[in-house]
Structure formats: structure tokens, C-alpha cells
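# Fold and geometry: a report
Letter by letter, the chains look like this.
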Amino acid sequence: DQQVKQNSPSLSVQEGRISILNCDYTNSMFDYFLWYKKYPAEGPTFLISISSIKDKNEDGRFTVFLNKSAKHLSLHIVPSQPGDSAVYFCAASGRYNFNKFYFGSGTKLNVKP
Amino acid sequence: GAGVSQSPSNKVTEKGKDVELRCDPISGHTALYWYRQSLGQGLEFLIYFQGNSAPDKSGLPSDRFSAERTGGSVSTLTIQRTQQEDSAVYLCASSLTPQGYTDTQYFGPGTRLTVL
């Protein structure tokens, strides 16, 4: 029962353009969402988060958008750089069990020079 | 400072054998998590330790899986009588506090387990 879904296993983008990674969730009790970035042979590293009281959070080139009614979040990277090439995971947790995180299956982003 | 470390980085074992995977969290981090990532899947929560509290074991897939955390620091994940479906990357993460809303989990590089 996958409560967090990333339906695009891969995405290819030209350097300098926008990358948009999408994530859908099914559990309406989720109220905290995170994006992690993972390079090969390394553990995931935290990228950006958003709580359900917001619909947008921005950190430099990275912006996360949350649409609670659609149970959808997206990560925008502008401008994309070759060093952004990695696997991106979205994750969610709920107010009644905030230490338990549910992860999507990841989207592999390839930014072409 | 040192990050989360895990050992071994790779483990190949035969079906039916027991394995132990080790995690050294960041010093001072009170929360410790184990996840596993099977091929083509997302990270699957296994177990969570917070200080001296009873661990949240709700993600352990069967009673062949167990974990302990000694002295609030190092953790060992044990898989008994391994099966081929246990093959996965096992990831450990630690965080400073249990305050999930503002907390950041720091992940180790993982242990790749292959059960033949």
C-alpha cells in the first residue's frame, strides 16, 4: 500500500531549464512533506520541506509547491544544473505519527549539459 | 564532523543465514531510524528509536527482523534466517530531536544486502 507515489521514474532536462518533479499522496492525515536527493552509493540528503499550513516554500533554486486538495506536491529546480542529476525522493509524515516517514519510489533526474 | 556510518557497505549471504547490520549515528542525535530500499522501490520504514523510549517497530516486515540500540548510540539490525526477498539496501538515519516538523534526518550510505 504505497501512500506516497512518484509516477515518473525518470526525467531528462536541458541545463538551464526548469525541472519539475511530481509526487502524489493518498493519506489526508499527512501534513509534513520533504524532498531528498540521492547520489549513487550515498545516503539521501535532505533538500527542502513544507508543512501543510503553506502552499509554497522556496530555498534558492529549489521551490516546493503543495496542493492539499489534489494531494499533490512538486519540486521545481530553476535553473537546472548538471550537478542536480540524482534520484529525488519525496516523503510525508502525519501529525499523529510524525516520526514515521513514507517515501516515494524516487525520480531519477538527468540534467544534460 | 562525522556523519552517519554503516557497516558493512556490502554483504552477501546465503539463504537461511543470519546477518547483522550496524549503524553509528551522528554523536548527540537521539533519534535513529532504519529503512530498506528494495530494487525500484522507495524507502520502507522499518523501525525508529528515540532516546530510552520503547522503539516503534511497526515497520518490521516479520519476526525474523529485530533491532537494538545500545547506550542510546550504536544500533544493530539483525535479520535471522535470511530469505532472497530480504535483498535490499538497508539505510540508517539519525536526527537531533524527535520534533518531526523541523527535524532533518541524516542518512548513512547504506548496506547493500544480497541473499543468494
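Bear in mind that the values here come from a model prediction, so they are computed numbers and not experimental data. (Residues numbered from 1 in each chain as written. Chains lettered and ligands numbered in written order. Predicted model: local features only at pLDDT ≥ 70, side-chain atom pairs only at ≥ 80, totals over all residues. Heavy atoms only, no water.)

## Concerning the interface of chain B and chain A
Selection criterion: Should any heavy atoms of two residues lie within 4.5 Å, those residues are counted as being in contact. Throughout, buried area stands for the accessible area (probe radius 1.4 Å) lost by two parts on being put together, summed over both. Salt bridge, as used here: a side-chain nitrogen of Lys or Arg that lies within 4 Å of a carboxyl oxygen of Asp or Glu. Helical segments are the DSSP runs of H or I of at least four residues, strand segments are the runs of E of at least two, and each set is numbered from the N terminus. Three categories are distinguished: nonpolar for Ala, Val, Leu, Ile, Met, Phe, Trp, Tyr, Cys and Pro, charged for Asp, Glu, Lys and Arg, and polar for the others, with Gly belonging to the last.
Contacts between the two partners involve 23 residues from chain B, matched on the other side by 19 residues from chain A. When chain B packs against chain A, the two sides together hide about 1700 Å² of surface, and 57% of this comes from carbon and sulfur. On the surface where chain B and chain A come into contact, there are 0 salt bridges. Counting residues per element, the ones that place at least two in the side of chain B that touches chain A are strand 4 (31-37) and strand 5 (43-50) of chain B. Looking at the side of chain B that touches chain A, its residues break down into 10 nonpolar, 11 polar and 2 charged.

## Brief notes about a nonpolar patch on the surface
Definition in use: Patch membership needs two things, relative accessible area over 30% and no salt bridge, and members are linked within 9 Å if like-charged or within 5 Å if nonpolar (Val, Leu, Ile, Met, Phe, Trp, Tyr). Note on areas: these come from Shrake-Rupley sampling with a 1.4 Å probe, and a residue is covered only by the protein chains present in the view.
On the surface, A:Ile18, A:Ile20 and A:Val78 cluster together to form a nonpolar patch covering roughly 230 Å² of accessible area. Checked against the element boundaries, A:Val78 lands in the loop between strand 8 (72-77) and strand 9 (86-94).

## Some details on the pattern of salt bridges
To keep things clear, this is the line we draw: Each residue's exposure class comes from its accessible area (1.4 Å probe, protein chains only) as a fraction of the maximum for that residue type: buried when under 20%, exposed when over 50%, partly exposed otherwise.
Enumeration over the complete set of coordinates arrives at 5 salt bridges over all chains. Residues A:Lys56 and A:Glu58 are paired through a salt bridge, measuring 3.9 Å at the closest nitrogen-oxygen approach. Relative accessible area serves as the criterion here: at 52%, A:Glu58 is assigned to the exposed category. Here B:Arg64 makes a salt bridge to B:Asp86, at a shortest N to O gap of 2.8 Å. Of this pair, B:Arg64 sits in the loop between strand 5 and strand 6 (65-69) while B:Asp86 sits in the loop between strand 7 (75-79) and strand 8 (88-95); the two residues are 22 residues apart in sequence, bridging distant segments of the chain.

## Digging into the layout of surface pockets
Inclusion rule: In this analysis the probe radius is 1.4 Å and the grid spacing 1 Å, with only protein atoms considered; a cavity is a set of points the probe fits into but cannot get out of, a pocket is an open set with protein on both sides within 12 Å along at least five of seven lines, and lining residues have an atom within 4 Å of a point. Grid points are joined across faces, edges and corners, and a volume is the space filled by probe spheres set on the points.
Considering only enclosed or pocket space, the largest pocket measures out at about 730 Å³ in volume. A:Lys38, B:Gln37, B:Leu39, B:Val89 and B:Arg112 are, among the 30 residues lining the largest pocket, the residues nearest its centre. Residue contributions to the lining of the largest pocket peak at 4 residues, all from strand 10 (residues 111-115) of chain B. Here the residues of the lining of the largest pocket sort into 13 nonpolar, 14 polar and 3 charged.

## Brief notes about the sheet that holds strand 6 (residues 56-59) of chain A
Using the following cut-off: Here, any two strands with at least 2 DSSP bridges between them count as paired.
Across the sheet, which stays open at both edges, the 5 strands sit in the order 1-3-8-7-6 (chain A) with antiparallel pairing between neighbours. The two strands at the open ends of the sheet, each matched to only one other strand, are strand 1 (4-5) and strand 6 of chain A.

## Here's the deal with the state of the cysteines
All names here are of chain A. Put simply, the rule is: Only a pair of cysteine sulfur atoms within 2.5 Å counts as a disulfide in this structure description.
This model, assessed by the stated rule, comprises 2 disulfides over all chains. Across a sulfur-sulfur distance of 1.9 Å, Cys 23 and Cys 90 are joined as a disulfide pair. Taking the sign of the torsion about the S-S bond as the criterion, the disulfide between Cys 23 and Cys 90, at about 65°, is right-handed. Here Cys 90 lies in strand 9 and Cys 23 lies in strand 3 (residues 19-25), a separation of 67 residues in the sequence. Residue Cys 23 shares its accessibility class with Cys 90, and that shared class is buried.

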